[in-house]
Amino acid sequence: MKIGVMCSGNGSNFENIVRTCRTDEVVLMIYNKKDCGAYKRASKLGISSCLIRSNDEAKIIREFMWAGVELIVLAGWMRIVTPHLIDAFPRRIINIHPSLLPKHKGLNVVQRALDAGDTVAGCTVHYVTEELDSGDIILQAEVPIIENDTVETLTRRIQLKEYCILPQAIDHVKHKV
Ligand code: GRF
């Protein structure tokens, strides 16, 4: 299955997908921050990439369609996706979120988990729908919150789980279509 990825930042999940999927499966990475880590990783890995700075979803759709993309993975895409893109790829867009949804939707969720005094955190892969971080859940993984955790230490622990469940979730979706 041809996979497209959308990133705004470091791109460590993107790189992990490329390394865990079959060769040539990830065909295009769209990013919206010039020189972001994801762009550098794409260059290093030899994956086509495309900078789209505005929220020009018609262009995003065109690029993915031209590339023959069948599944879109949001891996740190820091922008709301509109119905335009969702309708172009129905049930073919998934997102990785660093909390145990439905708990802590939106931004700064690791800080919010710490502030709330949670004892468990984690990550969720879900289908993308019009409502933020609310689509059907595909996979989740828990991590414990330990004494003296900071946003940095807990984020790191969560990300290690993300590297496990995102490729598994992609596999799951592949077998459903
Ligand atoms: C991940 O923690 C993911 O949960 C969130 O954005 C972060 C992206 O990290 N949506 P990276 O760019 O893959 O390193």
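Values in this document were obtained by computation on a predicted structure and should not be read as measured data.

Engineer: Can you help me understand the overall build of the chain in this one?
Structural biologist: For the chain, the helix and strand inventory stands at 6 helices and 7 strands. Going from the N terminus to the C terminus, the chain shows its helices and strands as β-α-β-α-β-α-β-α-β-α-β-β-α. Relative to the 2.2 N^0.38 estimate, which gives 16 Å for 177 residues, the radius of gyration of the chain is 16 Å and therefore close to what a compact globule would have. Along the three orthogonal principal directions, the C-alpha set of the chain runs to about 50 × 30 × 30 Å. Looking at the chain as a whole, 49% of its 177 residues are labelled buried. Sequence separation of 24 or more characterises 62% of the internal contacts of the chain that already satisfy a separation of 6 or more. Taken together, the 22 basic and 21 acidic charged side chains of the chain have centroids lying 5 Å from each other.

Engineer: Just checking my understanding: could you explain the pairing of strand β2 (residues 26-31) for this structure?
Structural biologist: Consecutive residues of a regular strand have side chains that alternate between opposite faces of the sheet. In terms of residue burial, β2 counts as a mostly covered element, since 6 of its 6 residues are buried. Here strand β1 (residues 3-7) pairs with β2 via 5 bridges, running parallel. Note on β2: the bridge partner recorded for V5 is M29. Each parallel crossover has a hand, and for β1 linked through helix α1 (residues 12-20) to β2 it is right-handed.

Engineer: I'm lost on the nonpolar core in this one. Help?
Structural biologist: General note: in soluble globular proteins, nonpolar side chains tend to be found buried as a group. V5, F14, V73, I94 and I170 are the most contacted members of the largest nonpolar core, which totals 37 residues. With 7 residues, helix α6 (residues 151-174) is the single largest residue contributor to this core. Contact partners of I170, with chain neighbours within four places excluded, come to I3, I17, C21, L71, V73 and I94. Membership of the second largest hydrophobic core comes to 20 residues, among which are I30, C50, F64 and I72.

Engineer: Explanation requested: helix α2 (residues 37-45) in the structure shown.
Structural biologist: Three- or four-residue spacings in an α-helix give side chains the same orientation, since the helix completes a turn every 3.6 residues. Among all positions in α2, only A38, R41 and A42 are buried. Seen along its axis, α2 keeps its buried residues to an arc of 100°; they face one direction. Exposed and facing more than 90 degrees away from the buried side of α2 are K40 and K44. The inward-facing, buried residues of α2 abut β1, α1, β2 and β3 (49-51). Downstream of α2 by one or two residues, G46 has phi in the positive range, about 75°.

Engineer: How do you make sense of the site of the ligand when you look at a structure like this?
Structural biologist: Neighbouring residues of the ligand: N10, G11, S12, N13, G76, I96, H97, P98, Q159 and E162. Here an oxygen atom of the ligand sits 3.5 Å away from a polar atom, N or O, in the main chain of P98. Between an oxygen atom of the ligand and a side-chain N or O atom of Q159, the distance comes to 3.0 Å. When the free accessible area of the ligand is taken as 370 Å², the share hidden by the protein chains comes to 84%. Within the residue set of the shell around the ligand, elements represented by two or more residues are α1, β5 (93-97) and α6. Each residue belonging to the shell around the ligand can be placed in one class, and the counts come to 2 nonpolar, 7 polar and 1 charged.

Engineer: Which parts of the structure should I look at to understand the pattern of salt bridges?
Structural biologist: Pairing is possible between side chains that carry opposite charge, provided their charged atoms lie close to one another. Scanning all chains against the criterion turns up 11 salt bridges. The closest approach of N and O atoms between D118 and K103, which form a salt bridge, is 3.3 Å. One end of the pair, D118, is in the loop between α5 (109-115) and β6 (120-127); the other, K103, is in the loop between β5 and α5, with 15 residues separating them in the sequence. Judged by its relative accessible area of 13%, D118 falls in the buried class. The residue D171 makes a salt bridge to K174 at a minimum N-O spacing of 3.7 Å. Separated by 3 residues within a single helix, D171 and K174 lie in helix α6, roughly one turn from each other. Judged by its relative accessible area of 37%, D171 is partly exposed. Taken together, the shared-partner salt bridges connect E15, R19, R41 and K44 into one network.

Thresholds, definitions, all that
- Residues numbered from 1 in each chain as written.
- Predicted model: local features only at pLDDT ≥ 70, side-chain atom pairs only at ≥ 80, totals over all residues.
- Heavy atoms only, no water.
- Helix = DSSP H or I, 4+ residues; strand = E, 2+ residues; numbered from the N terminus.
- Rg over C-alpha atoms; globule rule 2.2 N^0.38 Å.
- Buried < 20%, exposed > 50% of the residue type's maximum accessible area, 1.4 Å probe, protein only.
- Contact = heavy atoms within 4.5 Å.
- Lys, Arg positive; Asp, Glu negative; His and termini not counted.
- Charge placed at Lys NZ, Arg CZ, Asp CG, Glu CD.
- Pairing = 2+ DSSP bridges.
- Right-handed = clockwise from strand over helix to strand, strands pointing away.
- Core = buried A, V, L, I, M, F, W, Y, C linked by side-chain atoms within 4.5 Å.
- Arc of directions from axis to C-beta.
- Near = heavy atom within 4 Å.
- Polar contact = N/O pair within 3.5 Å; in protein donor to acceptor, adjacent residues only side chain to side chain.
- Areas by Shrake-Rupley, 256 points an atom, 1.4 Å probe, with all protein chains shown as cover.
- Nonpolar A, V, L, I, M, F, W, Y, C, P; charged D, E, K, R; others polar.
- Salt bridge = Lys/Arg side-chain N within 4 Å of Asp/Glu carboxyl O.

From the geometry alone we can't say anything about function, so treat these as descriptive.
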